[in-house]
Amino acid sequence: MKIHILTLFPSFFEGPFSCGIVGRAREKGLVEIRTVNIRDFTSDPYRSVDDYPFGGGSGMVMKVEPIWRAVESVRDGKELVILLTPQGRTFTQKLARELSQCEHLVIICGRYKGVDERVTSFVDMELSIGDYVLSGGEPAAVVLVDAVVRLLPGAVGDKDSVDTDSFERNLLEAPLYTRPREFMGMKVPEILLSGNHEEIRKWRMKESLKRTLERRPDLLEHAELTEEEKKILEKLKEEKDGPHSCI
Ligand code: 9D3
């Protein structure tokens, strides 16, 4: 996969893309990530990338021509052009999976108040990473690239840990423990020390469903549960709003 990131702050990405799974995926040649400085595509002596908004108002707007030229400079006919904007559709694990099938992603990071509306005429997709205000598209690009690159075959050592990731199944995971067996009086659940793999599997399934029901009931609407999971969930729901809560 090839990824181009169009930005006014190429150095923003030096750390995040050299470390961890993304850094290793680059070293292995699974992905080629390049930053493109939008300022290199200005044509005036001041190299201006922004200007005042027509119609007035506070703040500056990113100009359309430098962004257009920067996109043109990386086109290969296979690109999917993404604009990161708080007004885009929300990025999800499902979309990460779809984007991981693309040959070439071109990601435009906005700054200031936003980009000239005409940029949307040459982008394929507008994405947000969630309902909070960032100061630019760069941190969102780091999130998007991380979520996509770790799905590339060979990026994560243990394939299983990708498949069973909580959002791949719309379920939160069961609690995890490692040594020591006791910490400040808090003991690791006996079942996990028992060596009984079938009982451990059932315990994890129940804890996973319990957590999801308590913390993210919205996820359960999209979860595809096995018959075994459905039975456990029904029991958990009964326990939750059973006879005790009927007033
Ligand atoms: C709050 C009103 N605006 C600021 C004057 C709009 C605005 C424009 C640009 C708010 C933030 C930004 C910069 N953010 C992004 O470019 C961005 C973003 C985000 O802020 N939240 C979640 N996802 C994304 S993707 C790009």
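Residues numbered from 1 in each chain as written. Predicted model: local features only at pLDDT ≥ 70, side-chain atom pairs only at ≥ 80, totals over all residues. Heavy atoms only, no water.

S.K.: How would you summarise the environment of Glu-224 if you had to cite specific residues and measurements?
M.R.: Take Glu-224: it is sitting in the loop between helix H8 (217–220) and helix H9 (227–240). Exposure remark for Glu-224: the relative accessible area of 70% places this residue in the exposed category. When the C-alpha atoms of Glu-224 and Gly-55 are compared, they prove to be 50 Å apart, with 169 residues separating the residues in sequence. Ignoring any residue separated from it by four or fewer positions in sequence, one finds Glu-224 in contact with Arg-169 and Glu-229. (Helix = DSSP H or I, 4+ residues; strand = E, 2+ residues; numbered from the N terminus. Buried < 20%, exposed > 50% of the residue type's maximum accessible area, 1.4 Å probe, protein only. Contact = heavy atoms within 4.5 Å.)

S.K.: Summarise the site of the ligand; cite the residues concerned and give the values.
M.R.: Neighbouring the ligand are 16 residues; Lys-113, Ile-129, Gly-130, Tyr-132 and Leu-134 lie closest to it. A distance of 2.8 Å is found between a nitrogen atom of the ligand and a backbone nitrogen or oxygen belonging to Tyr-132. Backbone polar atom of Gly-137 to an oxygen atom of the ligand: 3.4 Å apart, as the coordinates give it. For the ligand, whose unbound accessible area comes to 570 Å², protein coverage reaches 73%. Elements that contribute at least two residues to the shell around the ligand include exactly strand S5 (79–90) and strand S8 (125–128). In terms of residues, the shell around the ligand owes the most to one element, S5, which gives three residues. The class makeup of the residues in the shell around the ligand is nine nonpolar, six polar and one charged. (Near = heavy atom within 4 Å. Polar contact = N/O pair within 3.5 Å; in protein donor to acceptor, adjacent residues only side chain to side chain. Areas by Shrake-Rupley, 256 points an atom, 1.4 Å probe, with all protein chains shown as cover. Nonpolar A, V, L, I, M, F, W, Y, C, P; charged D, E, K, R; others polar.)

S.K.: Could you give me a rundown of the sheet that holds strand S6 (residues 104–109), with the residues and numbers involved?
M.R.: The parallel open sheet is built from five strands, whose spatial order is S2-S1-S6-S5-S8. The open sheet has two edge strands, strand S2 (32–37) and S8, and neither has a second partner. Put simply, the sheet's adjacent strands are angled 30° from each other on average, direction ignored. Examined bridge by bridge, S5 and S8 share five bridges and lie parallel to one another. Bridging from a neighbouring strand, Leu-84 pairs with Leu-127 of S8. On the sheet, helix H4 (residues 138–149) packs against strand S1 (2–7), S2, S5, S6 and S8 and is oriented at approximately 160° with respect to S6. (Pairing = 2+ DSSP bridges. Axes fitted to C-alpha atoms, helices over the stretch in contact; angles between N-to-C directions.)

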